[in-house]
Amino acid sequence: MSDTRVFGDVNLLAKAAARQTVEILKAAVEEYDNAVWVLAGGSTPLPAYEIIAKDYIDALDWTKVTTIIGDERVGPLDGPDNNWHAANQIIGNLPTIKLRPLSDQTAENAASNYAMQLASLPKLENGLPRLDLVWLGIGTDGHTLSIFPGHASLQPTSDLVIPVHDSPKPPADRISLSLRALQGAAHVMFLATGADKKEAIITAQANGHSPAGLAATIVETHDGSVHWLIDAEAAN
Ligand code: 6PG
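Description of the structure in this document. (Residues numbered from 1 in each chain as written. Predicted model: local features only at pLDDT ≥ 70, side-chain atom pairs only at ≥ 80, totals over all residues. Heavy atoms only, no water.)

Thoughts on the packing of helix α1 (residues 10–32) against helix α2 (residues 46–55)
Heads up, the condition is: All axes are obtained by fitting lines to C-alpha atoms, using only the stretch in contact for helices, and the reported angles, taken between N-to-C directions, cover 0 to 180 degrees. Helical segments are the DSSP runs of H or I of at least four residues, strand segments are the runs of E of at least two, and each set is numbered from the N terminus. Here the word oblique covers every angle except those under 35 degrees (roughly parallel), over 145 (roughly antiparallel) and from 65 to 115 (roughly perpendicular). Two helices that cross are described as forming a left-handed crossing if the nearer one is turned anticlockwise from the farther one by less than a right angle, and a right-handed crossing if clockwise. Contact between two residues is taken to exist if any of their heavy atoms lie within 4.5 Å; hydrogens are not considered.
As a packed pair, α1 and α2 sit with axes 8 Å apart at the nearest point and diverge in direction by 55°. By the angle between their axes, α1 is oblique relative to α2. The two elements α1 and α2 meet at a crossing, and its hand is right-handed. Listed contacts from α2 to V10, N11, A14, K15, A17, A18 and T21 of α1 are P47, A48, I51 and I52.

Okay, structure coming up:
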């Protein structure tokens, strides 16, 4: 199942993303007594993090929510490029269970360590971690997470976390959840703003021949739901 909602501006989009996020996580906590939220990197999610941290601190028992990051840049943990650092400077006040990648190590070490950390997540019958909500961004080239078109990161793998090198988007070294890990996603929320994302969204929604499109197809074919939240500039 896939749905697309277009918002007049970034703030309206952020408010809707925050509201839907809390609804999905509350439902998971009610059903499983725990929930897993995969945070997104990049700049687009930041306003929605702000609203959740400010307006939804009492909306649910955050101590039952585990937060992980979908992809991370290798480098200093408190550096300006660090996705976890950027997100948790905003939502660090939420008392979630925080699984943070050791991304100040090599991509190989960080990826294998993070895979071990994710082993503590609740599992589906197929053995994959249950991801109740995954926030994803999309690049102008159609990348999502740190999975890029025409790049080794797109190679099929049974690993849940992959090391990424020579990333077309700096910095070059990263780690990323794999497309296989998304088979465990119940809900994926794509957040995209700006006219420069329009073509990538059209391609991803039309034929799926891009990492973002593949991600959406994988989630839908594994009984997950894909929610596109885009602003008017990014909308066709
Ligand atoms: C990263 C991200 C990446 C991001 C997109 C969109 O580490 O760079 O995880 O996948 O989501 O590039 O980035 P913006 O939201 O900044 O446009």
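Regarding the pairing of strand β10 (residues 225–231)
The line we're drawing: Remark: exposure states derive from per-residue accessible area (1.4 Å probe, protein chains only) relative to the maximum for the residue type, with buried under 20%, exposed over 50%, and partly exposed in between. The criterion for strand pairing is that DSSP finds at least two bridges linking the strands in question.
With seven of its seven residues buried, β10 lies for the most part within the structure. Here β10 shows no split at all, with S225, H227, L229 and D231 on one side and V226, W228 and I230 on the other all buried. Both strand β1 (residues 2–7) and β10 contribute to a ladder of six bridges, which runs parallel. Counted as the bridge partner of T4 is W228 from β10. One ladder, built from six bridges, connects strand β9 (residues 187–192) with β10; its direction is parallel. Across the sheet, A192 pairs through a bridge with I230, a residue of β10.

A word on the sheet that holds β1
Strand order across the open sheet formed by seven strands is β1-β10-β9-β6-β2-β3-β5, with parallel pairing between neighbours. The open sheet has two free edges, formed respectively by β1 and β5 (97–98), since each of these has just one partner strand. Sheet topology note: the strand β2 (residues 35–39)/strand β6 (residues 133–136) ladder contains two bridges and is parallel. Looking at the pairing, V38 lines up with V134 of β6.

A short note on the site of the ligand
Quick note on the threshold: We call a residue near a molecule or strand as soon as one heavy atom of that residue lies within 4 Å of the molecule or strand. Polar contacts here mean pairs of N or O atoms no more than 3.5 Å apart (in protein, one a potential hydrogen donor and the other a potential acceptor; neighbouring residues in sequence count only if both atoms are side-chain atoms). Accessible surface area values rest on a Shrake-Rupley calculation with a 1.4 Å probe, where residue burial reflects the displayed protein chains alone. Three classes are used, and their members are as follows: Ala, Val, Leu, Ile, Met, Phe, Trp, Tyr, Cys and Pro are nonpolar, Asp, Glu, Lys and Arg are charged, and the others, Gly among them, are polar.
Among the 14 residues in the neighbourhood of the ligand, the closest are listed as T44, D71, H143, L145 and K169. Here an oxygen atom of the ligand and a side-chain polar atom of D71 are 2.7 Å apart. K197 places a polar side-chain atom, nitrogen or oxygen, 2.8 Å from an oxygen atom of the ligand. In isolation the ligand exposes 410 Å². Once the protein is present, 92% of that is buried. Of the residues belonging to the shell around the ligand, the class tally is two nonpolar, seven polar and five charged.

Topic: the sheet that holds strand β4 (residues 71–73)
Sheet architecture is open: three strands sit in the order β4-β8-β7, paired in antiparallel fashion. The open sheet is flanked by β4 and β7 (161–164), the only strands paired with a single partner. Sheet twist, expressed as the average angle between the axes of neighbouring strands with direction ignored, equals 15°. In terms of strand pairing, β4 meets strand β8 (residues 174–177) through three bridges, oriented antiparallel. Counterpart to E72 in the pairing with β8 is I175. Each of β7 and β8 is contacted by helix α4 (residues 107–118), which is oriented at about 165° to β7, the strand it contacts most.

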